[in-house]
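An overview of the molecular structure
Next come the chains, spelled out residue by residue.
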Amino acid sequence: MKKEPMDRMDELEAQSIYIIREAFYHYKNLAILWSIGKDSTVLMWLVRKAFFGNVPFPALHIDTSYKFEKMYKFRDEYAKKWNIDLKVARNEKAIAEGMSNEKKFDCCNALKTEGLKMGIAKFGFEALILGIRRDEHGIRSKERTFSPRNEKFEWNYKDQPPELWNQYKNETEEKSHIRVHPLLHWTEVDIWYYIKREEIPITDLYFDQGDGKRFRSIGCEPCCGKIDSCASNIDDMIDELENTNTSERAGRAQDKEDATTMQKLRALGYM
Amino acid sequence: MAMKEEFKFVVVGHVDHGKSTLIGRLLFDTNSLPPDKMDEVRAASDSAGTPEFAFVMDHLEEERENLITIDTAQVWFKTDKRDYVIIDAPGHKQFLKNMITGSSQASAALLLIDAKEGIREQTQRHAYLLSLLGIKQLIVVINKMDLVDFKEDRFNELKTGITEKLNEYGLSALHVVPISAKEGDNLAKKTDTMPWFKGNTLLAYLDDLKAGESDVDGVTRFPVQDIYDHDNEKVIVGKLISGSLGAGQEVIFHPCGKSATIKEIVRFESPKTGAAVAGECIGIKLEDGIAIKAIKRGEVACDVDPSPMIGTRLVAPVFWMSGEPVEVGDTIEFKCATQQIECKVKKINDRINSSTLEMIESEAKELCDTEVAKLTLQATDYAVTDSFDLVQETGRFVLMRDGDTVAGGIFQ
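Reference entry: report on the structure contained in this document. (Residues numbered from 1 in each chain as written. Chains lettered and ligands numbered in written order. Predicted model: local features only at pLDDT ≥ 70, side-chain atom pairs only at ≥ 80, totals over all residues. Heavy atoms only, no water.)

Every contact between the two is made by 63 residues of chain A and, on the other side, 87 residues of chain B. Between chain A and chain B, a total of about 6500 Å² is buried, with carbon and sulfur atoms accounting for 53% of that surface. Of all residues in chain A, F52(A), K142(A) and W165(A) give up the largest surface area on contact with chain B, accounting jointly for 15% of the area buried on that side. The tally of links between chain A and chain B comes to 7 salt bridges. We note a salt bridge from K272(B) to D10(A), for which the minimum N-O separation is 3.0 Å. In this assembly, chain A and chain B are joined by 17 residue pairs in polar contact (both at pLDDT 80 or more). For the side of chain A that touches chain B, the secondary-structure elements that each account for two or more residues are helix 1 (8-26), helix 2 (38-50), helix 6 (188-198), helix 7 (234-242) and helix 8 (261-267) of chain A. Classifying every residue of the side of chain A that touches chain B by side-chain character gives 24 nonpolar, 16 polar and 23 charged. (Contact = heavy atoms within 4.5 Å. Buried area = accessible area lost by both parts, 1.4 Å probe. Salt bridge = Lys/Arg side-chain N within 4 Å of Asp/Glu carboxyl O. Polar contact = N/O pair within 3.5 Å; in protein donor to acceptor, adjacent residues only side chain to side chain. Helix = DSSP H or I, 4+ residues; strand = E, 2+ residues; numbered from the N terminus. Nonpolar A, V, L, I, M, F, W, Y, C, P; charged D, E, K, R; others polar.)

Encoded structure:
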């Protein structure tokens, strides 16, 4: 019997698929949070792998109205191609009132966190699958794979439940929800190796378009800064990332407002 | 470009013995600290008054304010040989469940001891817990050697002491290394402060540790995770935790006892076509003739011979992690691989205080937070288990109450 050994990429993929299948088994009212970025698109790909080509639960896109035009196009194209039940949630009131990024904490909170709350309230999801990773931010590195949120969306980071081996929290109280993080153990460069291996479609915003700059991390247009880079294809990208010391979210203005912004945002329900 | 191997280890030890500083220093000495993080650390530290490497790991506001680690986190660094993930675990008794959560993901452990303070309560507790978690690769690091003038005598005194203690728990350290995390002695490079130490640097020893490998040649264990309908056929999905599985292979599902032949290994858009090996998440289709209705989540497909352990009486040492104690007569959920079985607690024996490691009583009526005891459980259905040394995944388990993990243990 021919045996093909597992490499690091195989192991990462297997662990994520296991987590996704566990979430599906335990939580019937489930959704995947799709921000159209590289991580959540890899996550979507893993969901398709776990269910042999299907996405058996809805995808929720929290639309702040400030996303790049290319992202909206990508979203619509692939929602159709991959037969995704796409639900879009927007904090219409805040957007109509002209919420902007003058005060980044307030803007993220209103358009993303509140947007998410509205989405969950509207569709009644009891569990959400998200593509956050430990290495993105120190606060995210404290996360559990299956992480509960109370009915106010608060993250009780001071008293998280224990999580051992591959055994995860499998019940949620009424009105609260569970966040499932299948990519927690992946690093930024792991994501790109996987995109390359699987030939996963990704928006070209991540690559140098000829002006010597690219986006390393993508969110809302007003708060995303480009980095100096000539990486115009995946191999260059991987090369650059293997040799860099700068952190991925260095160009994301909202994390920088003050040292504890991310923690405060996350405690209130941010991703 | 090929991906390097990844190796995860946990750093444990008594609070304030310098874990966070050690980690900060490892990142610094291997040039793994991003420049913007260095700036961030300097900016945050200046307002507190002291530049601290410890800030690299302590990201929660409360942690920085009180200079204490609350929950486990992970950071990355790399050597020429491979990529490392350091799992930092809180030392304080209050956060024991977070220390256990972090340690459960590690392939090895660094047990840190402050050269001046010596072996303390957490030092012992953590070493003992590591043995209960099944962590076998251990390096003891004697830190803060600068505070004891880099004296060889003091190092030897501690080395002897910890070796004896570890022996009591059936553990032995692969190496005992003297360092000063603050000054950077013997971490990444040797300095002239400890010429009497003939061993290697900590980093060199780390590079030598073996990554945990899934046992491809071991016994076959495929716990059923779920069953999907695909192309009008039933596909059983799960993670192959040990051995290999290929078309034509005969297996027996336990505990139902049904035999079956594998018809097909199902993957989606995968370049792999051969037999599945340990670690892979796959789907399997079975030859017609098997009553698929008998197969449900929790069943484990195994080699025809030899069998795993199958029974309803489960006995193992367990560490309790909940503020609510457990009592003899209580009902609890036993979770092992994908099995979830309701059990009654029949006996609580050898109840131990995990700080002092003293036996509280040999026959107990209850077990409390941070205590360890040998539990005898009566399961309401057959459980399929293995000794931890044979198959890790079916050799370890957690106990749950109301959907939360309250205890864990391994079958030794």
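Residues and elements named next belong to chain B. Bridging between strand 18 (residues 331-336) and strand 19 (residues 339-353) involves 6 bridges; their strand directions are antiparallel. In the strand pairing of strand 19, I332 is matched with C343. Counting the residues in the hairpin turn of strand 18 and strand 19 gives 2 residues, including A337, whose phi is positive at 55°. Both strand 19 and strand 20 (residues 358-364) contribute to a ladder of 5 bridges, which runs antiparallel. In the strand pairing of strand 20, N349 is matched with E363. Between the antiparallel neighbours strand 19 and strand 20 lie 4 residues, among them L357 with a positive phi of about 60°. (Pairing = 2+ DSSP bridges.)

Once that is clear, we can look at the packing of aromatic side chains. Evaluated as defined, the whole model comprises 27 aromatic pairs over all chains. When the centroid spacing of 5.2 Å and the interplanar angle of 85° are considered together, the rings of W186(A) and Y194(A) count as edge-to-face. Using a relative accessible area of 0% as the deciding quantity, one classes W186(A) as buried. Ring pairing ties together the aromatic residues F24(A), F51(A), F57(A) and Y228(B), which thus form one cluster. R82(B) extends its terminal NZ or CZ atom over the ring of F7(B), reaching a point 4.3 Å from the ring centre. (Phe/Tyr/Trp six-rings, centres within 6.5 Å; stacked < 30°, edge-to-face > 60°. Buried < 20%, exposed > 50% of the residue type's maximum accessible area, 1.4 Å probe, protein only. Lys NZ or Arg CZ within 6 Å of the ring centre and 35° of its normal.)

Okay, the sheet that holds strand 6 (residues 177-180) of chain A next. All names here are of chain A. Ordered by their spatial adjacency, 6 strands build an open sheet running 3-2-1-4-6-5, and the pairing between neighbours is mixed. A strand with exactly one partner marks an edge of an open sheet, and here the two such strands are strand 3 (86-89) and strand 5 (146-149). The sheet shows a mean angle of 30° between the axes of neighbouring strands, direction not considered. Strand direction decides the pairing type here: strand 1 (residues 30-33) and strand 2 (residues 59-62), joined by 2 bridges, are parallel. Its bridge partner lying in strand 2, I32 is registered against A59. Packing against the sheet, helix 1 makes contact with strand 1, strand 5 and strand 6, and its axis sits at approximately 45° to strand 5. Contacting strand 1, strand 2, strand 3, strand 4 (127-129) and strand 6, helix 5 (residues 104-123) crosses the sheet at an angle of about 145° to strand 2. (Axes fitted to C-alpha atoms, helices over the stretch in contact; angles between N-to-C directions.)

As a further point, take the nonpolar core. By size, the foremost hydrophobic cluster in this structure holds 72 residues, and its most contacted members are F9(B) and L22(B). Discounting residues that sit within four places of it in the chain, L22(B) has contacts with V11(B), L110(B), L112(B), I179(B), A181(B), L187(B) and L202(B). Counting residues in hydrophobic clusters, the runner-up holds 67 residues, among them Y27(A), A127(A), I218(A) and V237(B). (Core = buried A, V, L, I, M, F, W, Y, C linked by side-chain atoms within 4.5 Å.)

A few words on helix 5 (residues 121-133) of chain B. All names here are of chain B. Its 13 residues give helix 5 an end-to-end C-alpha distance of 18 Å, which sits within 8% of 18 Å, the value for a rise of 1.5 Å per residue. Extensive coverage of helix 5 is indicated by the burial of 12 of its 13 residues. For helix 5, the full list of buried residues reads Q122, T123, Q124, R125, H126, A127, Y128, L129, L130, S131, L132 and L133. Residue G134 follows helix 5 closely and has a positive phi angle near 85°. (Expected span 1.5 Å × (residues − 1).)

On to the pattern of salt bridges, then. Per the counting criterion, the structure on display carries 46 salt bridges over all chains. In this structure, K213(A) engages D228(A) in a salt bridge whose closest nitrogen and oxygen atoms are separated by 2.8 Å. In this pair, K213(A) sits in strand 7 (residues 213-214) while D228(A) sits in strand 8 (residues 227-228), placing the two residues 15 residues apart along the sequence. Relative accessible area serves as the criterion here: at 33%, K213(A) is assigned to the partly exposed category. A salt bridge links E280(B) to R267(B); the shortest N-O distance between them is 2.9 Å. Of this pair, E280(B) sits in the loop between strand 13 (276-277) and strand 14 (281-286) while R267(B) sits in the loop between strand 12 (258-266) and strand 13, placing them 13 residues apart in sequence. For the pair E280(B) and R267(B), one class covers both residues: buried. Through salt bridges that share partners, D10(A), E13(A), K49(A), R197(A), E198(A) and K272(B) make up one connected network.

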